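Residue-level listing of the chains:
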Amino acid sequence: MRPLPALSALLVLLPASACTTGPSLENRGEVTAPPGDSKHLTIGSAGFTESDLLAQMYAALLGRAGYSTKIISVSSREIYEPALESGQIDVVPEYAATFADWLNARKNGADAAPVGSPDLAATMRALRALAEPRGLTVLDPGRAVDQNAFAVAAPYAAKHRLKTLSDLGRSGLPVRLAAGDECVQRPYCAPGLRKTYGIRVTAVDPKGVGTTQAKRAVQKGQDQMVLTTTTDATLDDFGLVLLADDKHLQNADYLVPVVNRSRAGGEGVRKALSKLNTVLTTADLARLDERVDSWRRLPEDVARAYLESKNLIRP
C-alpha cells in the first residue's frame, strides 16, 4: 500500500472534538438523530488502486447530484474508520464481510467468532447491526465483489480438465500454493481448500497474495496454484485462469458504501451512489484496476471515463 500523503497526516492530527458528529460512547446503540445531508462531503480512500477508483466514482456521482466533495487517502482502516465515525470523513468504499469482521473484532475482541460469511444477506445484517450504533449507515451493495480467488496455469487447467475448485479436489493432484504466510492458518485459504474441496495442499509457498513473484511461480510450474482476487486483471498476462469457488468458500466481500449517518445519511447520497449498483460488475472493476495498474492511467480519468460510458455523468 502507498504511504500516507501529507493531507492524510493532517487528518490524523485533528482532535476528535473538532468534528464530533458521531454518537458519543455512552449513547452508542441509541442513535436517534435524523440522517444528515451535508452538501460538503469528504470521501475516504484506503490508498490502493481499487479504493482510489471507487472514491473517484463516488465523488463524480455526488458532484453530479449537487454535492461538493474532496478525497482524502488514508491507508489504514484503524485510522479512517474512527474518522468516519467522527465525521472527519463522510463516505468510504468498503467490503461487506471484511468490514463486518473488523467491526466485530473491534467490539468483541480479536478472538471473536467471524460474522462475515459467504451469505451476503446474513453478512449485511451483521454489518449493519455493528455499524449503526457507531453512527454509520451501510448502503446497499452492488454487483461487484472483490474476494479471494485461486488461479492455475491455463495449460495445467486444460490438461486436467479443471474449471472449479471442486474439479481440483476430485483430481487428487498435489498442490503447492503460492500465497501469503497467513494462508497456512486462515480458514478461507489452505485449511478451507482442504476441508471444503478436499484439495491436497502440500505446502504454502510464502510469496504474497497475487504478487508478480507468486504468479510467475505458477506460470513456471514451481507452484500449482496462486491466491489472488476476483478483480485481478493481470492473470492473462501470466497465462493463468481462475477456478470457480463453486461451493462458496469465500466470504461475501461485495462493495458497499459506508457513510457517516449524521452528515451523509440522507436520501440524496443514497440515490447518487446507488446508481453504481446495477452497473458496476466484478469484471468491470478488474478492467478498471488494470487501466490504472498496467496502463498507468490516473484513477480519476479512468473513473470518469467509465461513468460517462454508462451515462451516469455527462462528458
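The structure displayed is predicted, hence computed values, not measured ones.

So, about helix α3 (residues 77–86). When you tally the buried positions in α3, you get seven out of ten residues, the bulk of the element. Of the positions making up α3, those classed as buried are Arg77, Tyr80, Glu81, Ala83, Leu84, Glu85 and Ser86.

Where side chains of opposite charge bring their charged atoms close, a pairing between them can arise. Scanning the entire structure with this criterion turns up 15 salt bridges. Salt-bridge contacts for Asp37 lead to Lys39; the nearest nitrogen and oxygen are separated by 3.3 Å. With a relative accessible area of 36%, Asp37 lands in the partly exposed category. On the basis of relative accessibility, which here comes to 41%, the residue Lys39 falls in the partly exposed class. The shortest N-O distance in the salt bridge between Arg263 and Asp90 comes to 2.4 Å. Of this pair, Arg263 sits in helix α10 (residues 261–264) while Asp90 sits in the loop between α3 and β3 (91–95), placing them 173 residues apart in sequence. Neither residue differs from the other here; Arg263 and Asp90 are each classed as buried. Taken together, the shared-partner salt bridges in this structure form one network comprising Glu81, Glu85, Arg106 and Arg134.

A few words now on the packing of helix α4 (residues 96–108) against helix α5 (residues 120–131). Where α4 meets α5, the axes come as close as 9 Å, and the angle between the chain directions of the two elements is 40°. Between α4 and α5, the interaxial angle falls into the category oblique. Both α4 and α5 take part in a crossing whose hand is left-handed. Of α5, the residues touching α4 (which contributes Ala96, Ala97, Phe99, Ala100, Leu103, Asn104 and Lys107) are Thr123, Met124, Leu127, Leu130 and Ala131. Of the residues belonging to the contact of α4 with α5, the class tally is nine nonpolar, two polar and one charged.

Model confidence for the chain is summarised by a mean pLDDT of 90, while 90% of its residues fall at 70 or above. Low pLDDT, under 50, characterises residues 1–30; the stretch is placed with 48 contacts to residues that sit more than four places away or in other chains.

To characterise two packed helices, one gives the angle between the axes of the helices and the distance between these axes. Two elements in contact, helix α2 (residues 49–64) and helix α11 (residues 267–274), have axes separated by 9 Å at closest approach and are oriented at 120°. Considering their axes alone, α2 and α11 lie oblique with respect to each other. Considering how the two elements wind past one another, α2 and α11 form a crossing that is right-handed. In contact with Tyr58, Leu61 and Leu62 of α2, α11 contributes Val269, Ala272 and Leu273. Among the residues forming the contact of α2 with α11, the class breakdown is six nonpolar, no polar and no charged.

A separate point is the sheet that holds strand β7 (residues 200–206). Spatial strand order, β7-β6-β8-β5-β9: five strands in an open sheet with mixed pairing. Of all the strands in the sheet, the pair left with one neighbour each is β7 and β9 (240–243). Between one strand axis and the next, the sheet turns through 40° on average, direction left out of account. Summarising the sheet, strand β6 (residues 174–179) and strand β8 (residues 225–229) pair through two bridges and their orientation is parallel. Note on β8: the bridge partner recorded for Leu177 is Met225. Across the sheet, helix α8 (residues 190–197) touches β5 (148–153), β6, β7 and β8, and the angle it forms with β7 is around 165°. With respect to the sheet, helix α9 (residues 212–219) is in contact with β5, β6, β8 and β9, its orientation differing from that of β8 by roughly 140°.

About the criteria used
Residues numbered from 1 in each chain as written. Predicted model: local features only at pLDDT ≥ 70, side-chain atom pairs only at ≥ 80, totals over all residues. Heavy atoms only, no water. Buried < 20%, exposed > 50% of the residue type's maximum accessible area, 1.4 Å probe, protein only. Helix = DSSP H or I, 4+ residues; strand = E, 2+ residues; numbered from the N terminus. Salt bridge = Lys/Arg side-chain N within 4 Å of Asp/Glu carboxyl O. Axes fitted to C-alpha atoms, helices over the stretch in contact; angles between N-to-C directions. Parallel < 35°, antiparallel > 145°, perpendicular 65-115°, else oblique. Left-handed = near helix turned anticlockwise from the far one by under 90°. Contact = heavy atoms within 4.5 Å. Nonpolar A, V, L, I, M, F, W, Y, C, P; charged D, E, K, R; others polar. pLDDT = per-residue confidence, 0-100. Pairing = 2+ DSSP bridges.

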